[in-house]
Amino acid sequence: MAGPELAREADGHGIDVVFPDIARWAAGNTELPYVWTFESGRPGPHVAVQALTHGNEVCGAIALDLLLRDGVRPARGKLSFCFANVAAYHSWNPAAPFKSRFVDEDFNRVWGPAVLDGDRDSVELRRARELRRFYDTVDYLLDIHSMSDPCPPLMLAGARRKGADLALALGFPAHIVVDAGHAAGRRLRDYGCFDDPDDPRTALLIECGQHWTAESPAVALQASLRFLRHFGSAGADVLERYLDRREAPRPRVIEVTESVPIRSEAFSFVWPQDGSLAVVPSAGSLVARDGEREIRTPYDACALVMPMRRRARPGDTAVRMGRFVG
Ligand SMILES: [Zn+2]
């Protein structure tokens, strides 16, 4: 493995969290490894919180490990906790911290029927095909992620109104992104009924912050608690112990209008990226150069969502551009 590549990958990012030993959760209590489902015996929805859709995004695993150790049980309906791409998590190597996102392919790009029902095979597809029957029983899913670069937490609500409505009702985090996902493949949050506008079942994807900051697990925990509270799934005791009741700013919805793909090896941002959610005041402002191509903002008050500042390669999404709505 090339030394310079490792040095570049680790550049600028400390690892400020302890990766929990999740092997204790391997057995699960369903027929699926690393899936825990608890029944309240009272009517109510099946609410699920998931960690490790991406193997190096540890914040969700820290939150779920805490809730499972605490013995959280649903106040109504069913409550599940799922660790998804555990094979990738177990491949974690702090010397190459970006490598354990997945083993063979991105678990979060395989959720279209052609891929799931096709004859291709990979570590991630095997896990997706076994977890699919679990997701088919879930009414509301919170899928916990984190980001390569520092960025305020974002709730990715998908393209349907029901996603944005649910995110607004949670009231956290402060930015909700309405977008249609990736050309490279369907996300879990857009799988099946979750993306059907006529079906109440809904999934949200939260990006909690940078992968290995101390803040991201706290964001993951607060988002999980608000998700459970919204559906009446959380008992008063667990909310009392862990929920941050300070008033949060009212969330704003950003509608992504375009994704900017990287086309050349010579891509660079011109607009400064300082780890905040940049809002470019004026239409026509130069944001980036991609070889000869200039990338400019299409409208005033354009939000630059999840700019990819490192490891950018042709074919990657450099940034999404969005406008504030509502
Ligand atoms: Zn992720």
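Residues numbered from 1 in each chain as written. Predicted model: local features only at pLDDT ≥ 70, side-chain atom pairs only at ≥ 80, totals over all residues. Heavy atoms only, no water.

Enquirer: Account for the packing of helix α2 (residues 59-69) against helix α7 (residues 215-230), with residues named and values stated.
Expert: Relative orientation of the contacting elements α2 and α7 amounts to 55°, with a least axis distance of 8 Å. Considering the angle they form, α2 stands oblique to α7. In this structure, α2 crosses over α7, and the sense of that crossing is right-handed. Contacts from C59, G60, I62, A63, L66 and L67 in α2 reach S216, P217, A220, L221, S224 and L225 in α7. Residue composition of the contact of α2 with α7, by class: 9 nonpolar, 3 polar and no charged. (Axes fitted to C-alpha atoms, helices over the stretch in contact; angles between N-to-C directions. Helix = DSSP H or I, 4+ residues; strand = E, 2+ residues; numbered from the N terminus. Parallel < 35°, antiparallel > 145°, perpendicular 65-115°, else oblique. Left-handed = near helix turned anticlockwise from the far one by under 90°. Contact = heavy atoms within 4.5 Å. Nonpolar A, V, L, I, M, F, W, Y, C, P; charged D, E, K, R; others polar.)

Enquirer: Explain the environment of L32 residue by residue, including any values.
Expert: Position of L32 among the secondary structure elements: in the loop between α1 (3-10) and β1 (35-39). Looking at L32, the relative accessible area reads 3%, which means it is buried. Residues L32 and R101, 69 residues apart in the sequence, show an inter-C-alpha distance of 21 Å. Residues within four places of L32 in sequence aside, it is in contact with A27, E130, L131, R133 and F134. (Buried < 20%, exposed > 50% of the residue type's maximum accessible area, 1.4 Å probe, protein only.)

Enquirer: I'd like a description of the sheet that holds strand β10 (residues 279-280), backed by residues and values.
Expert: Sheet strands pair via backbone hydrogen bonds, and the direction of the pair is either parallel or antiparallel. Spatially, the 11 strands line up as an open sheet ordered β1-β3-β2-β4-β7-β5-β6-β8-β14-β13-β10, and their pairing is mixed. Here the strands that pair on one side only, and so sit at the sheet edges, are β1 and β10. The sheet contact formed by strand β6 (residues 175-178) and strand β8 (residues 252-261) spans 4 bridges and is parallel. Residue pairing in the sheet places V177 in a bridge with I254 of β8. Packed onto the sheet, α2 meets β1, β2 (46-51), β3 (78-83), β4 (140-147) and β7 (202-210) and runs at close to 135° relative to β3. Sheet strands touched by helix α6 (residues 161-170): β5 (154-158), β6, β7 and β8. Its angle to β7, the strand with the most contacts, is close to 55°. (Pairing = 2+ DSSP bridges.)

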